[in-house]
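If you want the building blocks of each chain, they are given just below.
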Amino acid sequence: MNPRRRNRTLVAALACTCALTGVAAPSGAAAAAPARSSIVGGGAADPAQWPYAVAIFRKGHMHCSGSIIGPTKVLTAGHCVAGFNLANFQVIIGRPNLRDQATGQLIGVSSGRVHPDFEQTGLHDVAVLNLAQPTTVSPIAVATPEQSAAATLAGAPLRVAGYGATNPFGVHLSPFLKQTFEIVRTDSRCLKAYTRDLYAPESMICALGAKRNKEGRFKIHTSACSGDSGGPLVADTPTGTVEVGTVSYGGALCGLPAAPTVYSRVASSLDFINAP
């Protein structure tokens with residue numbers, strides 16, 4: 001296996017491992033409970049701002065996050081799909097509280113594609129799932145290269161959402177959709193953290209949120225974490241909200257300033273994403 005592919009696979013696996021044994025599919029509808037602290041350090045997501053955000057379940061358990069980009073298309077991370085039997089996948093749409101089975105849709109997956117570069121080199125960590133039936137949820141637009149370049153300059157604010165872990169250790173997945181703000185960091189920061197073996201500026205985005213005031217001896221920033229893999233990183237542009245990235249990988253401890261979160265830059269995979 002290519003060293004770059006092997007190393008990134010190991011790091012990306014950290015983003016999925018806890019999800020496999022996390023939030024189980026609820027057995028019945030339950031009253032909405034108050035939202036707890038977020039992804040890592042954000043807050044409860046406003047469903048009206050994230051209608052396209054989805055939870056991907058595998059064998060009845062939370063697996064990854066994703067986004068609706070077409071009536072039957074879900075965009076997620078390549079490492080969420082590669083090597084898995086898609087017959088075991090279900091996508092939950094329009095359900096900000098996963099315990100509330102009275103809301104939203106549960107749709108199976110008929111097929112899927114992983115970017116060929118990810119399978120060969122670990123680059124372009126994106127995949128597209130095809131739903132067994134269409135959804136009426138409004139999709140999120142995928143950023144063009146021009147939109148992506150303008151929205152992801154160092155220091156730019158972005159938003160991310162998912163159902164992932166609520167603490168830096170990657171455990172305690174949230175049954176609620178959470179969001180937090182990320183700040184685009186310089187490519188040099190992620191190159192220092194991960195080296196060129198893992199981080200490719202042309203196809204990735206380096207981001208980390210604001211510093212939190214707790215977590216004891218650890219200096220933790222708001223961040224995506226385990227279970228958020230494949231979730232949408234979006235930019236609010238003058239012409240509307242566009243998805244610029246999908247959650248890809250990070251350090252062993254979510255939110256460490258020395259190990260920012262890395263997102264796959266979706267504009268660099270546009271031809272693959274838009275393929276029929």
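Here goes a summary of the coordinates provided. All values reported here derive from a predicted model rather than from experimental measurement.

## Looking at the overall build of the protein
Inference 1: In terms of regular secondary structure, the protein is built from five helices and 14 strands.
Inference 2: With 276 residues in all, the protein has 54% of them scored as buried.
Inference 3: Long-range pairs, those at least 24 residues apart, make up 72% of the contacts in the protein between residues at least 6 apart in sequence.
Inference 4: Put simply, the protein shows about 11100 Å² of open surface, and 56% of that area lies on carbon and sulfur atoms.

## Here we look at the nonpolar core
Inference 1: Counting 43 residues, the largest nonpolar core has W50, I56, V74, V91, I93 and L129 as the members making the most contacts within it.
Inference 2: Those elements that provide at least two residues to this core are β2 (53–58), β3 (61–70), β4 (73–76), β5 (89–93), β6 (105–114), β7 (127–131) and α5 (270–274).
Inference 3: Among the elements that line this core, the one with the most residues is β2, at five residues.
Inference 4: Filtering out sequence-adjacent residues up to four positions away, V74 remains in contact with V54, I56, G66, S67, I68, V91, A127, V128, L129 and L131.
Inference 5: One finds A143, A151, A207 and V247 within the second-largest nonpolar core, a separate group that totals 15 residues.

## Some points on the environment of E243
Inference 1: Structurally, E243 can be placed in strand β13 (residues 240–249).
Inference 2: Judged by relative accessible area, which is 0%, E243 ranks as buried.
Inference 3: The sequence separation of E243 and T144 amounts to 99 residues, and the corresponding C-alpha distance is 9.3 Å.
Inference 4: Sequence-distant contacts of E243, defined by excluding residues within four places in its chain, comprise S67, I69, L75, I140, A141, V142, A143, P232, L233, V234 and V266.
Inference 5: Of note is the side chain of E243, whose polar atom sits 2.7 Å from the side chain of S67.

## Section: the pattern of salt bridges
Inference 1: Scanning the entire structure with this criterion turns up one salt bridge.
Inference 2: Where D236 meets R159, a salt bridge forms, and the shortest distance between an N and an O atom there is 2.8 Å. One end of the pair, D236, is in strand β12 (residues 232–237); the other, R159, is in strand β9 (residues 157–162), with 77 residues separating them in the sequence.
Inference 3: R159 gets classed as buried once you look at its relative accessible area, which sits at 7%.

## Observations regarding unusual backbone geometry
Inference 1: In the Ramachandran plot, K59 falls in the positive-phi region, its phi being about 50° despite a non-glycine side chain.
Inference 2: Inspection of the secondary structure puts K59 in the loop between β2 and β3.

## Things to note about the packing of aromatic side chains
Inference 1: Counted according to the given criterion, the structure contains three aromatic pairs.
Inference 2: Measuring from ring centre to ring centre gives 6.3 Å for F84 and F89, while their planes differ by 50°; the resulting arrangement is tilted.

## Considering the pairing of β2
Inference 1: In terms of residue burial, β2 counts as a mostly covered element, since five of its six residues are buried.
Inference 2: Pairing between β2 and β3: six bridges, direction antiparallel. Bridge assignment links I56 to a residue of β3, and that residue is C64.

Reading the values: the criteria
Every chain is numbered on its own, with residues counted from 1 as its sequence reads. pLDDT decides what is reported in this predicted model: residues at 70 or higher carry local features, side-chain atom pairs at 80 or more are listed and counted, and totals for whole chains, interfaces and linings draw on all residues regardless. Working from all heavy atoms in the structure, the side-chain values ignore hydrogens and water. Secondary structure elements follow DSSP: runs of H or I of four or more residues count as helices, runs of E of two or more count as strands, with numbering from the N terminus. Burial classes follow relative accessibility: with a 1.4 Å probe on protein chains only, a residue under 20% of its type's maximum area counts as buried, one over 50% as exposed, and anything between as partly exposed. Contact between two residues is taken to exist if any of their heavy atoms lie within 4.5 Å; hydrogens are not considered. Using the Shrake-Rupley algorithm and a 1.4 Å probe, accessible areas are obtained, with residue cover drawn only from the displayed protein chains. Buried residues of nine kinds, namely Ala, Val, Leu, Ile, Met, Phe, Trp, Tyr and Cys, make up a nonpolar core once their side-chain atoms join them within 4.5 Å. We define a polar contact as two N or O atoms separated by no more than 3.5 Å, with the added condition that, inside protein, one atom must be a possible hydrogen donor and the other a possible acceptor, whereas residues neighbouring each other in sequence contribute only through side-chain atom pairs. Salt-bridge detection follows one rule: a side-chain nitrogen of Lys or Arg within 4 Å of a carboxyl oxygen of Asp or Glu. Stacked, edge-to-face and tilted are the three classes for Phe, Tyr and Trp ring pairs, Trp counted by its six-membered ring, which pair at centre distances within 6.5 Å; planes under 30 degrees apart are stacked, over 60 edge-to-face, the rest tilted. In this scheme, strands are said to pair when DSSP sees at least two bridges between them.

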